[in-house]
Each structure stands twice: as C-alpha cells, then as structure tokens.
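# What the coordinates show
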Amino acid sequence: VQCMLQDVGSNIATPLSSAREAHLKRTSFSEKPVLELEQWIDSYSEQLPPLRAFILPVGGKSSAALHFSRAVCRRAERCVVPLVQAGEADPNVAKYLNRLSDYLFVLARYAAMKEGKEEKIYTKPE
C-alpha cells in the first residue's frame, strides 16, 4: 500500500496536460492495484459479520488507527477528484483511494473483531 501511495503521489504531481511523454509513462497508474484492493476487501469481509447498521469508529487502538487512516484517505480522495475531473490525474488514482478507504474500514472492523472489541452502533440522539 505504501508503494502504491508513492505511485499515487507521482501521478498527481505529473499533470497529464503538460508533462512530457516520458514522465507520463513513468507515472501512469493502472487499474490492477484497484482490483487487488477489491480482492483484499472481499477476503476480509467474508470473515466479518454482515454490516446491518452504521458503526462508530471505535474498537481498540488498532481499529481506531485504521479508522483514522481511513478518514485521511477519504480527505485525500476529495482533493484528487477535482484533478481527475479536470483531466490532470488518472481516474484510477481516485478509484484506488476510494477502494483503499473501504479496505481500511474493513480492516478496522477485522482488527476490532480479532481484539475482541464490540462494534458500537450509531444511534441518533433524541
């Protein structure tokens, strides 16, 4: 994941409209990492109880760190979307960040389960 995030950064730092062809070739971003994340998500999701309600980002230190990482990833995704829409970054970069945040969510749930922590269901205050 860290290596892929380096590639994400390289793609974002190399505007598609103005970079030289050699740079574009070196910083291209394929769909393969997106598909790999989806496989990882499926693998961990199969080991978790079905999600039937919105859960709060709790569940122990590991889970909380993963929930925090997910929030940072979502923020990065929101920053990248305008670049993709403007044609300056590869759409697979935004897809990767989107799937990465989903993967981090699933991992947070998995970590909580492995640590024996109960998921807290969100209830709207009256």
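Throughout, residues of each chain are indexed from 1 in the direction in which the sequence is written. Since the coordinates come from a predicted model, pLDDT governs what is reported: local features require at least 70, and pairs of side-chain atoms require 80 or more to be given and counted, while whole-chain, interface and lining totals use all residues. Note: side-chain values were computed over all heavy atoms of the structure, leaving out hydrogens and water.

The name an unreviewed UniProt entry assigns to the chain is Corrinoid adenosyltransferase MMAB, from the organism Apaloderma vittatum. Of the comments in the UniProt record for the chain, the one headed Sequence similarities (unreviewed entry) reads "Belongs to the Cob(I)alamin adenosyltransferase family." UniProt positions are given in the numbering used here, feature names are shortened, and annotations may be inferred rather than shown by experiment. Of the chain, the UniProt comment under Subunit (unreviewed entry) reads exactly: "Homotrimer."

Below, the discussion takes up the pattern of salt bridges. A side chain with one charge may pair with a side chain of the opposite charge, provided their charged atoms come close. Each reported salt bridge corresponds to a side-chain nitrogen of Lys or Arg within 4 Å of a carboxyl oxygen of Asp or Glu. The final tally for this structure, using the stated rule, is 5 salt bridges. We note a salt bridge from R74 to E77, for which the minimum N-O separation is 3.0 Å. Of the two residues, R74 and E77 both sit in helix α4 (residues 61-85), 3 residues apart, roughly one turn of that helix. For E77, a relative accessible area of 13% gives the class buried. Between E119 and R109 there is a salt bridge, and its shortest N-O distance comes to 2.6 Å. In this pair, E119 sits in the segment after α5 (91-114) while R109 sits in helix α5, placing the two residues 10 residues apart along the sequence. Burial here depends on accessible area, computed with a 1.4 Å probe over protein chains only, as a share of the maximum for the residue type. Under 20% is buried, over 50% is exposed, and the range in between is partly exposed. Overall, R109 belongs to the buried group, its relative accessible area being 7%. One network of salt bridges, in which partners are shared, links E38, R74, E77, R99 and D102. Starting at the N terminus, helices and strands are each numbered in turn, a helix being any DSSP run of H or I of at least four residues and a strand any DSSP run of E of at least two.

On to the UniProt feature "domain: Cobalamin adenosyltransferase-like" (unreviewed entry) in the chain, then. With numbering aligned to this structure, UniProt lists the feature "domain: Cobalamin adenosyltransferase-like" (unreviewed entry) at residues 1-111. Taken as a whole, residues 1-111 contains 69% helix and 0% strand, while its terminal C-alpha atoms sit 17 Å from one another.

What follows covers the nonpolar core. By size, the foremost hydrophobic cluster in this structure holds 18 residues, and its most contacted members are V8, V93, Y96, L97, L100 and Y103. For this core, the secondary structure elements donating two or more residues are α3 (32-45), α4 and α5. A per-element tally of this core places α5 first, with 10 residues. Sequence-distant contacts of V8, that is, excluding residues within four places in its chain, are made with F29, V93, Y96 and L97. To define a nonpolar core, start from buried Ala, Val, Leu, Ile, Met, Phe, Trp, Tyr and Cys residues and group those joined through side-chain atoms within 4.5 Å. We call two residues contacting when some pair of their heavy atoms lies within 4.5 Å.

The next subject is the layout of surface pockets. Lining residues are defined by having an atom within 4 Å of a point belonging to a cavity or pocket. Those points lie on a 1 Å grid over the protein atoms alone, cavities being sets where a 1.4 Å probe fits but cannot get out and pockets being open sets with protein on both sides within 12 Å along at least five of seven lines. Grid points are joined across faces, edges and corners, and a volume is the space filled by probe spheres set on the points. Approximately 170 Å³ is the volume attributed to the largest pocket. Along the walls of the largest pocket sit V1, L5, V8, L66, S69, C73, A76, L97, L100, Y103, L104 and L107, which together make up its complete lining. Where the lining of the largest pocket is concerned, the elements lending two or more residues are α1 (2-12), α4 and α5. Top element by residues in the lining of the largest pocket is α5. It accounts for 5 residues. Classification used: nonpolar for Ala, Val, Leu, Ile, Met, Phe, Trp, Tyr, Cys and Pro, charged for Asp, Glu, Lys and Arg, polar for all others including Gly. For the lining of the largest pocket, the residue count by class is 11 nonpolar, 1 polar and no charged.

On to α5. Its 24 residues place the ends of α5 35 Å apart at the C-alpha level, agreeing with the 34 Å of an ideal helix rising 1.5 Å per residue. Of all 24 residues making up α5, 18 are buried, and the element is well covered by its neighbours. Near the N-terminus of α5, the side chain that reaches the backbone nitrogen of N92, with its oxygen 2.7 Å away, is that of D90. Just beyond α5, the residue with positive phi is G116, at close to 70°. Residue count minus one, scaled by 1.5 Å, sets the expected span of a helix. Any pair of nitrogen or oxygen atoms within 3.5 Å is treated as a polar contact; in protein, a donor-acceptor pairing is required on top of that, and neighbouring residues in sequence qualify only through side-chain atoms on both sides.

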